[in-house]
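Residue-level structural notes
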Amino acid sequence: DTGVSQNPRHKITKRGQNVTFRCDPISEHNRLYWYRQTLGQGPEFLTYFQNEAQLEKSRLLSDRFSAERPKGSFSTLEIQRTEQGDSAMYLCASSLDRADTQYFGPGTRLTVL
Amino acid sequence: AQSVTQLGSHVSVSEGALVLLRCNYSSSVPPYLFWYVQYPNQGLQLLLKYTSAATLVKGINGFEAEFKKSETSFHLTKPSAHMSDAAEYFCAVSYNFNKFYFGSGTKLNVKP
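Below, the structure is looked at part by part. Given the structure is predicted, the values throughout are model-derived calculations rather than measurements.

The secondary structure content of chain A amounts to zero helices and 11 strands. At 13 Å, chain A has a C-alpha radius of gyration in line with the 13 Å of a compact globule built from 113 residues. With the principal axes as the frame, chain A shows a C-alpha extent of 40 × 25 × 25 Å. Per-residue burial over chain A gives 46% buried out of 113 residues. When the accessible surface of chain A is totalled, it reaches about 5900 Å², and 44% of it is carbon and sulfur.

In structure tokens, the structure reads:
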């Protein structure tokens, strides 16, 4: 069990570019969550997958954000036409089942110039 | 709208003193409640959770929290602070385990 991994760990991009982040959950974990965390704030829920199905999506998530979890394994989070306000730490977490512990990855820090 | 309030963005205690970190939620339906800790340059780690069993919940590293429905609170305590407890602590709530709401965090400083 190597824990939740996220790649890349850091991403610097120019405004208007598209970026994609990857999350590899703990093996056999059915649930996968994406969060965004800005400086001085707690994690903000973005979306949730049960296996390959995206079952919850925050209303705060604009159309520029999309997430996938093909085959219920790893997940990707894509941000199109990045804006400076998208600069944040993007966190991924996974859990085995409904009431089980969420395990967080180290995050991907995005800086939009 | 559901929300979580953590009173005090920074708390400072002396080593060996009581740690009390406050968390209140605002909803008429009692949620599931969680405390997470984030050490510098590390990911969030679950300390403890309340899922409608015993109202006093014991977690790792000597921390515990008590769910008080009448006060809509879930404060985190530890009888004696240790230098290694210095970290940022987040309270979180969920109503269905599909979506989680986090507070803004409390940074705990432990003075020698």
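At the junction of the two partners, chain A supplies 19 residues and chain B supplies 16 residues. Interface area, chain A with chain B, both sides summed: about 1600 Å², of which 52% is carbon and sulfur. Among the residues of chain A in contact with chain B, Pro43, Arg98 and Phe104 of chain A are the three that bury the most area, contributing 29% of the side total. Applying the counting criterion to the chain A and chain B interface returns one salt bridge. Our count for the contact surface shared by chain A and chain B stands at four residue pairs in polar contact (both at pLDDT 80 or more). Those elements that provide at least two residues to the side of chain A that touches chain B are strand S4 (31-37) and strand S5 (44-50) of chain A. A per-class count over the side of chain A that touches chain B returns eight nonpolar, seven polar and four charged.

How each quantity is defined
- Residues numbered from 1 in each chain as written.
- Chains lettered and ligands numbered in written order.
- Predicted model: local features only at pLDDT ≥ 70, side-chain atom pairs only at ≥ 80, totals over all residues.
- Heavy atoms only, no water.
- Helix = DSSP H or I, 4+ residues; strand = E, 2+ residues; numbered from the N terminus.
- Rg over C-alpha atoms; globule rule 2.2 N^0.38 Å.
- Buried < 20%, exposed > 50% of the residue type's maximum accessible area, 1.4 Å probe, protein only.
- Areas by Shrake-Rupley, 256 points an atom, 1.4 Å probe, with all protein chains shown as cover.
- Contact = heavy atoms within 4.5 Å.
- Buried area = accessible area lost by both parts, 1.4 Å probe.
- Salt bridge = Lys/Arg side-chain N within 4 Å of Asp/Glu carboxyl O.
- Polar contact = N/O pair within 3.5 Å; in protein donor to acceptor, adjacent residues only side chain to side chain.
- Nonpolar A, V, L, I, M, F, W, Y, C, P; charged D, E, K, R; others polar.

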